[in-house]
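# Structural overview
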Amino acid sequence: MIYDYSVTTGKGEQLKLSDYKGKVILVVNTATGCGFTPQYAPIEQLYKDYHEQGLEILDIPCNQFGGQAPGTDEEIREFCTMHFNTTFPQMKKADVNGENELPLYTYLKSQKGFEGFGEHPFKEPLEKMFAAADPDWNKKPDIKWNFTKFVIDREGKVVARFEPTADMAEVETCIKALL
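On a predicted model such as this, the values are computed, not experimentally measured, just so you know. (Residues numbered from 1 in each chain as written. Predicted model: local features only at pLDDT ≥ 70, side-chain atom pairs only at ≥ 80, totals over all residues. Heavy atoms only, no water.)

## Overview of the layout of surface pockets
Sizing a probe to match a water molecule and rolling it over the atoms shows the empty space that remains. Counted as a void, the largest pocket has a volume near 310 Å³. Around the largest pocket sit 15 residues that line it, and Gly10, Lys11, Arg77, Pro89 and Gln90 are the ones nearest its centre. In terms of residue count, helix α2 (residues 73–84) provides more of the lining of the largest pocket than any other element does, five residues in total. (1 Å grid on protein atoms, 1.4 Å probe; cavity = no way out; pocket = protein on both sides within 12 Å on 5 of 7 lines; lining within 4 Å. Points joined across faces, edges and corners; volume = space filled by probe spheres on them. Helix = DSSP H or I, 4+ residues; strand = E, 2+ residues; numbered from the N terminus.)

## Quick notes on the packing of aromatic side chains
Per the counting criterion, the structure on display carries 14 aromatic pairs. Ring centres of Tyr40 and Phe147 lie 5.3 Å apart, and the angle between their planes is 90°; on these two criteria the pair is classed as edge-to-face. One end of the pair, Tyr40, is in helix α1 (residues 40–50); the other, Phe147, is in the loop between α4 (123–133) and β5 (149–152), with 107 residues separating them in the sequence. No difference in accessibility class separates Tyr40 from Phe147, as the two residues are buried. Residues Phe114 and Phe117 carry aromatic rings whose centres are separated by 5.1 Å and whose planes lie at 70° to one another, so their mutual orientation is edge-to-face. (Phe/Tyr/Trp six-rings, centres within 6.5 Å; stacked < 30°, edge-to-face > 60°. Buried < 20%, exposed > 50% of the residue type's maximum accessible area, 1.4 Å probe, protein only.)

## A closer look at the pattern of salt bridges
Opposite charge on two side chains permits pairing when their charged atoms draw close. All chains considered together, the criterion is met by ten salt bridges. Lys139 is the partner of Asp136 in a salt bridge, and the nearest nitrogen-oxygen pair spans 3.6 Å. We classify Asp136 as partly exposed; its relative accessible area is 38%. Because the salt bridges share partners, they merge into one network encompassing Glu101, Lys109 and Asp142. (Salt bridge = Lys/Arg side-chain N within 4 Å of Asp/Glu carboxyl O.)

## Describing the sheet that holds strand β4 (residues 55–61)
With mixed pairing, the four strands of this open sheet are ordered in space as β4-β3-β5-β6. Single-partner strands in this sheet number two, and they are β4 and β6 (158–162). Averaged over all pairs of adjacent strands, the angle between strand axes in this sheet comes to 15°, irrespective of strand direction. Of the strand pairs in this sheet, β5 and β6 are connected by four bridges, and their pairing is antiparallel. Within β6, the position partnered with Val151 by the bridge is Ala160. Packed onto the sheet, helix α3 (residues 103–111) meets β3 (24–30), β4, β5 and β6 and runs at close to 110° relative to β3. (Pairing = 2+ DSSP bridges. Axes fitted to C-alpha atoms, helices over the stretch in contact; angles between N-to-C directions. Contact = heavy atoms within 4.5 Å.)

By themselves these figures say nothing about function.
Following this line, the structure appears as structure tokens:
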């Protein structure tokens, strides 16, 4: 269950997800130098619009995809605050795939695997890049790129996974239905 996990905040404190019981949670792996980085703006808007109704956001910076989050936790926080006026909490930079992945991500991927990129201008280039590296890439639940989002309902169930190519309006619709 999601409430069995904890993450480290950008300030080095442990945040138990059990503290979020009864909340809707959006978990997203982020990066400051990615083509999807502008998604910080609609994520911040979601936080402003729905936090009072019970939405929590776990922003987990990750440098595993093209080295696109190279800064320190403090540098990443400053970038997000300065460029996107983010107010939601940011966690410590962490891996979301592989030997050192956060246990939270092991769980999330076990609940909602990869189901495709949908229609997006980056779909074809991403698929070609992944296929060149691994012919079975699309059969694995691994996080494929920055700004993959998981939505958890008020009971702690992982109800949706949105790839970075998903329309943020779809993410909002999902969250609104759970609040």
